[in-house]
Amino acid sequence: MYALVDCNNFFVSCERVFQPWLEGRPVVVLSNNDGCVVARSNESKAMGIRMGTPFYQVKHLVDKGLLEVRSSNYMLYGDLSDRVMSILADAVPKIEIYSIDEAFLVMDGIPEEQVVEICRTLVAKVRKWVGIPVSIGVAGTKTLAKIASHFAKKYRGYRGVCVIDSEQKRMKALELTPVEDVWGVGRKNAVKMHDAGVITAADFVARPEQWVERHFAIPGVRTWKELQGIGCLEEELPEKRKSICTSRSFADMISDEDEIAVKVADFAAHCARKLREEGTAAYQVTAFLRTNRFREDLDQYCPQATVTLPVAANSTQEIVTAALKAFRTVFRPGFNYKKAGVVVDQIVDRDEVQGVIFGFDEDMRHRQDILSSVMDAVNENRRLPADQDRTAGQERPARRGHRSGRDVICLASQHLGHFADGIRSEHRSRRYSTDFSEIMEIR
């Protein structure tokens, strides 16, 4: 059996952990640059506020004191997610983290009579220890567990845990579930199903398998079988990405070349770090620029340029150097730029990188790799590998004013803490649990 643990209105719940006066209040969380609504409390949903609503359309409610608004605070959300997942991992033999606010618990080997008790204990423990309300759906397949979690969240009578463990419960759940709410159906397929008279999940499973395969191919058949109680979604190892993109829209348009170059360097460094985290390297680095397409009164210019490396790399120095080279190639003065970004592609496993005979300094590459690993260790506040740590075995005295965290150390072409500069977040709460300068104050 599977138990899907789903954090209720996760971003809003994270804000409420350290701001309890938000409980019972309508709250929305905004996307980057405070653009649109990406999370809502139940109270704001009841007001008719929809996902993706532009902030300017609900700002009048904020001004009148009828709605609370917060900018995205991903450092806080990520930290609280880690805390929730650690509690779940300690409770069961195996956990599959699906997203920042969802995880499947594999309940194989646990007696069925103990499953509900374990789940109810987890609901109470996560709420007490982290402050996040969670709902748990239990069923024989992942898709049914997802449906069960919706019922656990919607109906208080389940006390946070809904179990689909009989044919009667399965059919009842399918009859009450709109087909567009089934995990794996998708918006386009839901339209096709409605056109064919398939309105609920029960309507879908009533169709013959041949009909499902003809209209929705193998993925549709998998969903159909999962709803029948036949497990088809085993644990899948995440595929390594074929490309990595880091980009940002600027709060205000920028025309200064050096100011944009600092941002491009930061974007490139972020891509390089992602490559190292995934054990990969890239052959191509692309930098792109965008003017404001909504300003028809201004000249438009949306260029990009690509630099191909002789040997695939993931060191910060090489990726940043290539990105800046591409950027300098396409930058033109006289334009007001609204967005910039860096893409790395032609990605291969780090162990599969092939060298070249001429024009490549392997010793330099080795030194750059060591420097990148040192930067990662410092920025992530962790120990270096023994062969790179010259202070191993020595006591490290505490240093006054010592900082820790992302971007403590970077290249000269970057700027400390510059990655988030220029992103509008006028309503961001404190990073209570990840930044000592923003820790909660008790009076």
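Before going into details, it helps to say that this report is about the structure given with it. (Residues numbered from 1 in each chain as written. Predicted model: local features only at pLDDT ≥ 70, side-chain atom pairs only at ≥ 80, totals over all residues. Heavy atoms only, no water.)

### Here's the deal with helix H10 (residues 209-228)
Phase 1 of the analysis: Taking 1.5 Å as the rise per residue, H10 with 20 residues should run 28 Å; its terminal C-alpha atoms sit only 11 Å apart, a clear shortfall.
Phase 2 of the analysis: By the largest-angle criterion, phenylalanine 216 marks the main kink of H10, which is about 130°, and a proline, proline 219, follows within four residues.
Phase 3 of the analysis: Regarding H10, the residues found buried are Trp211, Val212, Phe216, Gly220, Val221, Thr223, Trp224, Glu226 and Leu227.
Phase 4 of the analysis: Those residues of H10 that are buried are in contact with helix H6 (142-154), helix H7 (167-175), helix H8 (187-195) and helix H9 (201-206).
Phase 5 of the analysis: With its phi angle positive at about 95°, glycine 229 sits one or two positions after the end of H10. (Helix = DSSP H or I, 4+ residues; strand = E, 2+ residues; numbered from the N terminus. Expected span 1.5 Å × (residues − 1). Bend = angle between axes of the 7 residues up to and from the residue. Buried < 20%, exposed > 50% of the residue type's maximum accessible area, 1.4 Å probe, protein only. Contact = heavy atoms within 4.5 Å.)

### Details of the sheet that holds strand E3 (residues 37-40)
Phase 1 of the analysis: Spatial strand order, E3-E2-E4: three strands in an open sheet with mixed pairing. The sheet terminates laterally at E3 and strand E4 (68-70), the two strands that pair on one side only. Taken pair by pair, the neighbouring strands of this sheet meet at an average axis angle of 30°, ignoring direction.
Phase 2 of the analysis: As paired strands, strand E2 (residues 27-30) and E3 are joined by three bridges and run antiparallel to one another. Its bridge partner lying in E3, valine 29 is registered against alanine 39. (Pairing = 2+ DSSP bridges. Axes fitted to C-alpha atoms, helices over the stretch in contact; angles between N-to-C directions.)

### Observations concerning the packing of helix H1 (residues 10-18) against helix H4 (residues 74-91)
Phase 1 of the analysis: Close contact between H1 and H4 brings their axes to 10 Å; oriented N to C, the two are set at 90°. Relative to H4, the element H1 lies roughly perpendicular. Two secondary-structure elements touch here, H1 through Phe10, Phe11, Cys14, Glu15, Val17 and Phe18 and H4 through Tyr74, Leu76, Tyr77, Leu80 and Ser81.
Phase 2 of the analysis: Tallied by class, residues from the contact of H1 with H4 come to nine nonpolar, one polar and one charged. (Parallel < 35°, antiparallel > 145°, perpendicular 65-115°, else oblique. Nonpolar A, V, L, I, M, F, W, Y, C, P; charged D, E, K, R; others polar.)

### Points about the packing of helix H11 (residues 257-277) against helix H12 (residues 316-330)
Phase 1 of the analysis: The contact between H11 and H12 brings their axes to 8 Å, and the two run at 140°. Viewed along their axes, H11 and H12 adopt a mutual orientation that is oblique. With respect to the hand of their crossing, H11 and H12 are arranged in right-handed fashion. Along the contact surface, H11 presents Glu257, Asp258, Ile260, Ala261, Val264, Ala265, Ala268, Ala269, Ala272, Leu275 and Arg276, while H12 presents Thr316, Ile319, Val320, Ala323, Leu324, Phe327 and Arg328.
Phase 2 of the analysis: When its residues are assigned to classes, the contact of H11 with H12 shows 13 nonpolar, one polar and four charged. (Left-handed = near helix turned anticlockwise from the far one by under 90°.)

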